[in-house]
Amino acid sequence: MAVISMKTFLEAGVHFGHQTKRWHPNMAQYIYGIKNGVHVIDLRQTLSKLKVAYEYVKVSAAEGRVPLFVGTKTQIQRIVKEEADRCGSPYINFRWLGGLLTNFGTVKQSIARMKTFEEIAGEDGSYEGVIKKEALMMERKRVKLERSLGGVRNMKSVPSILFITDCHKEQLALKEAQKLGIPVIGVADTNCDPTGIDFVIPGNDDSPRAVALYANVISTAVMEGLAEYKQSRIQTPPVDKSPAKKLKSKASVSDKKEVDADVKSQQTDLKETATEIKPSAKKPKGKAEDSDKKENADDKQKQQTESKEKSAEIKAETDAKKVAEGKTAAEEKKVAEEKTAAEEKKAPAVKPKSKLKAKASVKTAEAKAEKPTLKTKKPPKKEAVKTDKPVEISPAAEAKKTASTKAKKVEETETEK
């Protein structure tokens, strides 16, 4: 905080209060006396209270919390805007909209609407591609929103601190802050009620020089706190969450392993001490237990070796089967190829035989169908033999002879070929 003396307070007119008939009884503790019908404020208390407010704002800014500057009087509007811009804080200097804090969701919507109007207007404000009448209406709305919400355009959430330059006039802001539990740093004149203010700065709230002095102190506190906040962030850069989680898991696993190793070592030490303390009569039991443990270990090793051998045998059998199947498949392929080659060689000689066989089978079937008729005619044949008559040849026999002669001729031709 810059060195502020009583002389600077007197030059700025901080000690001037209101007329005695317009005072508030709760401000009696901050009043030094009366002169010419006007209350005089105790500057010693103003200096101490301003230092307290300065320290609080500095600490909160070092944690990343920035105050909202509020001052809507016409003679104070410019000062509030300049000081807020100097420290990069939001401000309200035209009119406090009802529900700015308690109904901040709708206020954010109106801020977004203002930004859309600015985008349509462009950097030059020419409203390219928009009708002249519509452009004029949009410009009026934009100006109206800019006056009331221009200083809060970058405020994404409800502020953590309020700095009010005149608590008597800005009672809406004070009540909303009290509802939400936001701490308030307020300048209180002799006509103001200081009950709802967390950090009271008793002083003149009508003089622009006095208000500039208060705002300057608060803005410097914000700047110093933000500088500390940036340095702390640079010294301890933020680490990604995923690697941090992995490191934590690895560290926890290593810690668990170390703890388990310590517990095992302690158990072994206790066992050794117990075996040393035990009498000689109980030693055989320990040996028996050791032998049992050894046998169990040997059995486990045998089972493991047997299981490994079985698995190796099974693998060998499966490999042999696969090889045998491969060989059989290859052999079958070779046999099939040989058969096909032999059939291709024999195919021209075999085909006529099949045809002849088919013809012969047909003729034999016809002959069988005619046999019953011949059986009925057996007695006349005997008589014919006795009488020395010429024997009649059946048509089936003649067909057989012709078929045999034809087959012989075909075979002879094929052999010649």
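Residues numbered from 1 in each chain as written. Predicted model: local features only at pLDDT ≥ 70, side-chain atom pairs only at ≥ 80, totals over all residues. Heavy atoms only, no water.

Draft legend 1. Broad picture of the packing of helix α2 (residues 43–62) against helix α7 (residues 208–235). Packing of α2 against α7 brings their axes to within 7 Å, and their N-to-C directions diverge by 30 degrees. Judged by the angle between their axes, α2 and α7 are roughly parallel. The hand of the α2/α7 crossing is right-handed. Every residue of α7 that contacts α2 at L50, A53, Y54, V57, K58, A61 and A62 is listed here: L213, V217, I218, T220, A221, V222, E224, G225, L226, E228 and Y229. Residues belonging to the contact of α2 with α7 are distributed by class as follows: 13 nonpolar, two polar and three charged. (Axes fitted to C-alpha atoms, helices over the stretch in contact; angles between N-to-C directions. Helix = DSSP H or I, 4+ residues; strand = E, 2+ residues; numbered from the N terminus. Parallel < 35°, antiparallel > 145°, perpendicular 65-115°, else oblique. Left-handed = near helix turned anticlockwise from the far one by under 90°. Contact = heavy atoms within 4.5 Å. Nonpolar A, V, L, I, M, F, W, Y, C, P; charged D, E, K, R; others polar.)

Draft legend 2. Local environment of unusual backbone geometry. Even without glycine at this site, N36 takes up a positive phi of about 55 degrees. Mapped onto the elements, N36 comes out in the loop between β2 (31–35) and β3 (38–41).

Draft legend 3. Looking closely at the sheet that holds strand β6 (residues 161–164). Strand order across the open sheet formed by five strands is β5-β4-β6-β7-β8, with parallel pairing between neighbours. Edge strands, defined here as strands with exactly one partner in the open sheet, are β5 (91–92) and β8 (199–202). Two strands pair when backbone bridges link them, and strand β4 (residues 67–70) and β6 are joined in this way by four bridges, in the parallel orientation. When the bridges of β6 are listed, V70 appears paired with I164. Here helix α6 (residues 171–180) sits on the sheet and contacts β6 and β7 (184–188); the angle it forms with β6, its principal contact strand, is near 160 degrees. (Pairing = 2+ DSSP bridges.)

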